[in-house]
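Structure assessment
Residue-level listing of the chains:
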Amino acid sequence: MLAFAIYLSFAGALVMALLPKGRPALARWLALAVAVAGLAVAVAGFIAGMGQGRIVLVDVPWVPSMGIHFLLAADGISRVLVLLTGLAAVAGVLFSWNIELRTNEFFAFFLALIGGVYGVFLSFDLFLLFVFYEIAIVPKYFLIAIWGSTRREYAAMKLAIYSFAGSAMVLIGLLAAYTTAGSQSTGLVELARAGLPVSFQMWCFPLVFTGFAILAGMWPFHTWAPTGHVAAPTGASMLLAGVVMKLGAYGCLRVGIALFPHGLDPWGFSFAGIGSWRDVFAVLAVIGIVYGALVALAQTDFKFVIGYSSVSHMGFVLLGLMTLNQIGMTGAVLQMFSHGIIAGLLFAIAGRIVYDRTHTRQLAELEKMHLSRRLPFAAWAFVIAGLASIGMPGFSGFWAEMQVLVGAWMVNPWWTVAAGVGIVVGVAYIWRALQKVFFSDLLPSARELEQGHELAAITWPEVTGVVLLAGASLAVGLWPRILLDTIEPAVRTLLAGGVQ
Amino acid sequence: MSGFPILTLLTVLPLAGAAIALFSGRHARGVALITTGACLALALVVWTEWSQLPVIGGYGFIEQHAWAPSLGIQYHLGVDGLGALMLLLSAIVTLMSVDAAHRVHHQPGLYFALVLTLEAGLFGSFTALNFFHWFLFWELSLIPAFFLIKLWGGARRGPAATQFFIYTMAGSAALLVAFLAVFVSTGSMDFPHLTLLALTGELEQMVTARLGPVMIWLAIGVLAGFAVKVPMIPFHTWLPAAYAEAPSPVTMLLTGAMSKMGVYGLLRIALPLFGHQIAQMRTPLLVLAVATVVMGAWAAAAQKDLKRIFAYSSVNHLGYCLLAIFALAVPAAGAAAVTSQAMALNGVILQMFNHGITAAALFWFVAMIQTRTGGHRGIDQFGGLRKPAPVLAGLMGIALFSSLGLPGLNGFPGEFLIFRGVFPLAWVAATVSILGLLVTAVVILTVIQKVFWGPVAEHCVNFPDLHHGERLALAPVIALMLLVGLVPSLIVSSVNPTVMNLLAHWRF
Amino acid sequence: MNYPEFYSALFRVTLPETALELAALLVLIVDLGFLRKAALKVRVTVAALLGVAGCGAALWTLQLQAQGGLSFNGTGEILLASGGSAQVAQSGILILTALTLLLLIDSVFTKHVGEYVAVVLMAATGGLLIAAAQDLLVIFIGLELLSLGLYILTAFAKSSAKSAEAAMKYYLFGGMAAAFLLFGFSYLYGITGSTNLNQIFAALAVSENVSHPLLIVAVVLIFAGLGFKVAAVPFHLWAPDTYEGAPAPAAAFIASVSKVASFALLLSIGFASSHIFIPQLAGAAWSAQLNAGIGAGSGFGISWDVIVFVAALLSMVVGNLAALAQVSVRRLLAYSAIAHAGYLLLGIPTNNYEVALRLSFTSSGRATGAVLFYVLTYGLTTIGAFGVVGVVERATGSDRLDSFLGLHKRNPVLAAVLLVLFLSLAGIPPLAGFWAKFNLFAAVLGVSAGPVPFILVALAVAFSAVSLYYYLQVLKRAYVMPAIDETPIKAHPVTLTVLVLIAATVVLLGCFPALLQGWIEGLCPIS
């Protein structure tokens, strides 16, 4: 049933590409219909799967001689992330309602990207997962290169090459694991049980993990992310920061940790307190959290603040994964969902609501525009999004970050302390952005009062999108069990040593 | 123990009202009045029902559900006498605040929505029995307060709001860190449970076992968080600016209810859990409390702006609460000491209630004066108001005398009990604090003299007196002041069992 | 020697070649005899269709071939193989030839259409021979037949100076390469006394021949000749010029058919060379042999494999890095061809080794299937690519990157085809190129553990990632950057249909690789 999310998205993309040009309304509504259908499927699948473990959706032999199957299945983690994708897709379409240039192609690439993302989250065959992972790269390139803004061609190419390089690393690891396990099968479950030798896992794990972590924005391979997100059109940056970065983290979990668990074992020697790949990646994650936050604090471009904040928040996900305990990893998965929603909301506000109207993202210029008066909806939406981003209780981010912090504390209190610093800086840069963009105290110049051009009114898709995303974050923030009840058993099973 | 989730209702009602008010435009004040009125009714119900309930473990109206079990977080609400009184206070003060805000021209819908959200935050934090829930509402009240100052405040509202926000946030951060440490050590975030652990000394053992000798730092963190809110010297510097720049109805809320969150927190969290640590630091804490009392009064004397006078006076009045709280913390108290402790604690609770009402009323009067004189509120800008506005003078006089602590008015019983209780426990501190009383008296009398007596200032000749609506609105408040002042046992008798229960659970 | 028997067997085995030759003659006759007065368009169409029909007939006769191939003298020495990898390669050659002929329609670079088609068919015959050849002299004949045809085809655009220059370079270079090859062959004959591949290697396995000093010379010379054919570094210098100068259909033919034929030949040689390993090996690891230098592994086997791996590596590096700097799409395709040859060459020694490991001649290794799949789909994709380039060139007059600007507006179908084909070349799923690479790399890695295969695959994957950059440059022009000239580009319906079919096949094979893979494995079973 969940598999239909994939099929619908790709079918939608194909139909979209064949639609007659010159009728953007048709394209928009079709895209919305497909996205909503995908969300409906995701919700239905989520509810149907409550209380169940891994459910196999489709299992068809694909290339039998090599043991490759078209195997789609979903466990708790997949279901949550599919739900995220559904929400992000609908919101993304809503916030792209005003695209006039080559609308068909935009939504065709958009839906293809969504289809690829759904595919990754639902694949339980490593080859299939990789195929969907790579499929997602090309639409990203075109979305940024054609409809983006600042330095879009450069940003698009950088993003594409970084992603491709990351997936090249994953491919090497995939091939190595497949052949080392006897070239029998590429199923995740089978490979996890294949008993790959520890020495093999020791080098294959960092290779695969790094390959995926590049897409997750791990420091120091994160530089594509702020550039790419800023250059991308709103709908694309919502997807990129919201969902695509989570593909990387998901790969780290589902492939890296699940298939090569012994890669995280201690090396037997330690250097400056680092004695295993786990320590290495945890430290990199923590650096990412703090570095991302500090750099965000120093930005002069509104969207860059949010771009770097994404790097910082993804650091939490990676840190949570490296805790290797129930609470930390649950927090990591919850953070994937939570940040996906929140990042989408932040980019929507910065891009669609503010930039499309004011045509500037420079904080110094926005300061003079008194947006709290002229765009009150945006101001309050940003207040809510900002509160969610800093981890205010009542929103989803609080639970996620709290669990990651607690989980990290159980392994190494210093990680928690450093991450806590990141949270504090997070408050600072959100505060700064809020002050400068919306609630600045500068008096308008006389010239401005004269000109004071009217800003376009808020449209219904924007309102719907904000309500959808903010509502999702709030709902999870107030009743975290709706997701935790699904995530916790799945994490428990994964930790118990099976990808079952 | 009622099966009906009255506390949840009480917390949700203002939020619902806020949602409606947001879109009500000009009618937002009406919506807010109705909502706060309903909340007051509910709070009264809670108060009266509670005092008739048998005391089961101290708490009534308990609601308990699992929220995020893996993090030890429960949806756990309940009130004891202290909580119920605070609910009543919040409801009353908010109603007063909404009543006073009849001139919100700019975005009234948003204004009243924020006020109601703040009320929800107050209710939530006074009924919470689990740290997470409590912290959620603690923070929830901060956001509307910030925006209320920032968007409707006076000329220098920007820096005032910023300072307010940053200080309180920093305090909250300290609280959060401390509680995380507690959670990591004990796996629980539940106040009653943690109180029991602390009583037997297990809490300290668990924390030390898990994290090392950090208990004292946790205590400091927690104290810091509350010290900012009350405020206690030297964390008070945000207060004068915030109180002055905020619109007066908002200041009513800030001083009437929000500052009580800090004291409440000390009573609900700091003393039960970290009593031993507080007892260890008793002397420096007493010094700070006394400083608060004295400096508050002294600074008030130096001000020229009515609002700032009352702001510092608030600092002073709450300083008495701090004094009593820290004086309480004597290890191994004998029977006589227990009596003193009970008296002091009763005094604190009573003072919280009374000061809330009185301070809110005072700022209400300031608001009225301000609107009548077009924004003037400097103490030297008035003179002889009792002639053109005798009713105003009379009613405000009552409020001012209550603030001074005149017997017969509600300001007296609280301070009396506090001093009665503190003297045997910490006579040096009590003696020095009397200075505060004296200076306060001077300040209040000066205000009365300069504003109401003396020759009538030129521009005050046509000063309109209180009109019918205002008299009607103020009458119950003044009546309450008199009532509580004359018959304090109305409150004390209901609160005393809680006090004894609390003391029984605190270990110093 | 039973000549009637022999010649009837020869006829049966060479039915496809005969069909092609007959078709070539028929085209010449029809064109020169009956269509002198007809319009160019008609002549082109008729010739091309006749050529396609010839290929079809040849394909059909492939099934009628006797299994096991043609042996000489009844001695068991196979001259021409049939079935197995030879059949796969020959089918591929015929289909690809037909496609290049279809692309000929609507081209205007020459009036000598009949001759062109005839030469193509004859060159294809040479390709068929190479794919099946098991004897040094037959190899050489086929190779020369193919090469001479290719030189002529390159020069066919008589009005273009580039065409003549390219053909000249190709010819001179190719002539030298052929000479080297023949020289190397002569040494092999000298050492072993036979021209039959199997017998040569069986003889080489004998200990006194194993470390014959002339053997290394022979190996180098032979690889020079064959490496030239596949455009491996350092014998690749002809490729950019030829790809740039030859007329588009000819370039398509060169890029696809000759590659298929050459790789089939390399597979045959490898297959035969497993003789050397088998008596001595019996389970010892190749790397152990490499280290110990013992047994028959040294001499031909080791040097051949080492040379091929080095050439593969250099090709990948040079091809990809040089392609980054190109502004002409044809030269870009040429360097990309060099890079792809590099990837393919990885499979050759792997194949040898795999076959040896399995200690059997009747089964192929996984690498055989992988190489064949790769080279067939690569050929298909390249033909499509040159088809698109041809159309754009005719419309805009140049093959620079900038002539592709705004293609998505000028001809959306063409742009879509270009997108599919280039992404397939880059190795993006779910397209055929991705599967081809994955399959090949899996085969290389699967052969043995150890650092060498792993490092090679890692490098191949890494450079494959680099290649995305230059393919995207073209796609960027087609889709992203604003057009200078927005007039629609018209393509002949047949051309467009062929291109769409090619693109569709690429997608189909990418999504369901088992279709082609299964057929190949059916013919080249893995034991």
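Up top is the structure.
Since the structure is predicted, the reported quantities are computational estimates derived from the model, not experimental observations.

Before going further, it helps to spend a moment on the packing of aromatic side chains. In this structure the tally under the stated criterion is 76 aromatic pairs over all chains. Here the aromatic rings of W238 of chain B and Y243 of chain B are separated by 6.3 Å at their centres, their planes lie at 75°, and the arrangement is edge-to-face. Geometry around Y355 of chain A places R361 of chain A over its ring, the cationic atom sitting 5.0 Å from the centre.

It is worth spelling out the interface of chain A and chain B at this point. The partner chain B presents 30 residues to the 27 residues of chain A that form the contact. Summed over both sides, the interface of chain A with chain B buries roughly 2,500 Å², with 78% coming from carbon and sulfur. Broken down residue by residue, the surface that chain A buries against chain B is led by W380, W399 and W431 of chain A, which jointly contribute 23%. Seen at the junction of chain A and chain B, the total is 0 salt bridges. The interface formed by chain A and chain B contains 1 residue pair in polar contact (both at pLDDT 80 or more).

Another aspect to go through is a nonpolar patch on the surface. Together, W298, F423, W427, V428, V432, I434, L435 and L438 of chain B make up an exposed nonpolar region whose accessible area comes to about 790 Å². It is helix 17 (residues 427-452) of chain B that provides the largest number of residues to the nonpolar patch, a total of 6 residues.

So, on to the interface of chain C and chain A. Listed by partner, the interface residues are 39 residues for chain C and 35 residues for chain A. Buried surface at the junction of chain C and chain A, summed over both partners, amounts to about 3,100 Å²; 80% is from carbon and sulfur atoms. It is R366, F438 and V480 of chain C in chain C that bury the most area against chain A; as a group they hold 18% of the surface buried on that side. At the surface where chain C touches chain A, the tally comes to 1 salt bridge. Between E153 of chain A and K476 of chain C there is a salt bridge, and its shortest N-O distance comes to 3.3 Å. At the junction of chain C and chain A, the tally comes to 5 residue pairs in polar contact (both at pLDDT 80 or more). Of all the secondary-structure elements, those providing two or more residues to the side of chain C that touches chain A are helix 18 (412-426), helix 19 (432-447), helix 20 (451-479), helix 21 (493-511) and helix 22 (514-523) of chain C. Considering every element that reaches the side of chain C that touches chain A, the biggest residue donor is helix 20 of chain C, with 13 residues.

All names here are of chain A. Here strand 1 (residues 55-63) pairs with strand 2 (residues 68-74) via 7 bridges, running antiparallel. Of the residues in strand 2, the one forming a bridge with V58 is L72. A loop of 4 residues connects strand 1 with strand 2, the two strands running antiparallel in sequence, and G67 in this loop sits at a positive phi of about 75°.

Our next topic: the environment of G92 of chain C. Inspection of the secondary structure puts G92 of chain C in helix 4 (residues 84-104). Distance in space between the C-alpha atoms of G92 of chain C and S256 of chain C is 9.5 Å, their sequence separation being 164 residues.

Moving on, we come to the side chain of T498 of chain B. Within the secondary structure layout, T498 of chain B lies in helix 19 (residues 489-504). What T498 of chain B contacts, discounting residues up to four positions off in sequence, is W50, D80, G81 and L82 of chain B.

This brings us to helix 3 (residues 81-100) of chain B. Taking 1.5 Å per residue, 20 residues should reach 28 Å; helix 3 of chain B reaches 28 Å between its end C-alpha atoms and fits that length. Within helix 3 of chain B, 18 of the 20 residues are buried, leaving the element largely enclosed by the surrounding structure.

What follows covers the pattern of salt bridges. Enumeration according to the criterion identifies 24 salt bridges over all chains in this entry. With a closest N to O distance of 3.3 Å, D485 of chain A and R481 of chain A form a salt bridge. Separated by 4 residues within a single helix, D485 of chain A and R481 of chain A lie in helix 22 (residues 481-495), roughly one turn from each other. Note on R481 of chain A: relative accessible area 29%, which makes it partly exposed. Salt bridges sharing common partners tie together K162, E165, K169, D241, E244 and R331 of chain C.

Looking across the 2 pairs of chains in contact, one finds the most contacts between chains A and C. The two partners chain B and chain C share no contact, and the minimum distance between any of their C-alpha atoms is 41 Å.

On the secondary structure map, I161 of chain A appears in helix 7 (residues 152-180). By relative accessible area, which is 26% here, I161 of chain A ends up partly exposed. Once the C-alpha coordinates of I161 of chain A and I137 of chain A are considered, the two residues, 24 residues apart in sequence, prove to be 9.2 Å apart. Non-local contacts of I161 of chain A, meaning those with residues more than four positions away in its chain, are made with A465 and Y469 of chain C.

Parameters at a glance
Residues numbered from 1 in each chain as written. Chains lettered and ligands numbered in written order. Predicted model: local features only at pLDDT ≥ 70, side-chain atom pairs only at ≥ 80, totals over all residues. Heavy atoms only, no water. Phe/Tyr/Trp six-rings, centres within 6.5 Å; stacked < 30°, edge-to-face > 60°. Lys NZ or Arg CZ within 6 Å of the ring centre and 35° of its normal. Contact = heavy atoms within 4.5 Å. Buried area = accessible area lost by both parts, 1.4 Å probe. Salt bridge = Lys/Arg side-chain N within 4 Å of Asp/Glu carboxyl O. Polar contact = N/O pair within 3.5 Å; in protein donor to acceptor, adjacent residues only side chain to side chain. Patch = residues over 30% accessible without salt bridge, like charges linked within 9 Å, V, L, I, M, F, W, Y side chains within 5 Å. Areas by Shrake-Rupley, 256 points an atom, 1.4 Å probe, with all protein chains shown as cover. Helix = DSSP H or I, 4+ residues; strand = E, 2+ residues; numbered from the N terminus. Pairing = 2+ DSSP bridges. Expected span 1.5 Å × (residues − 1). Buried < 20%, exposed > 50% of the residue type's maximum accessible area, 1.4 Å probe, protein only.

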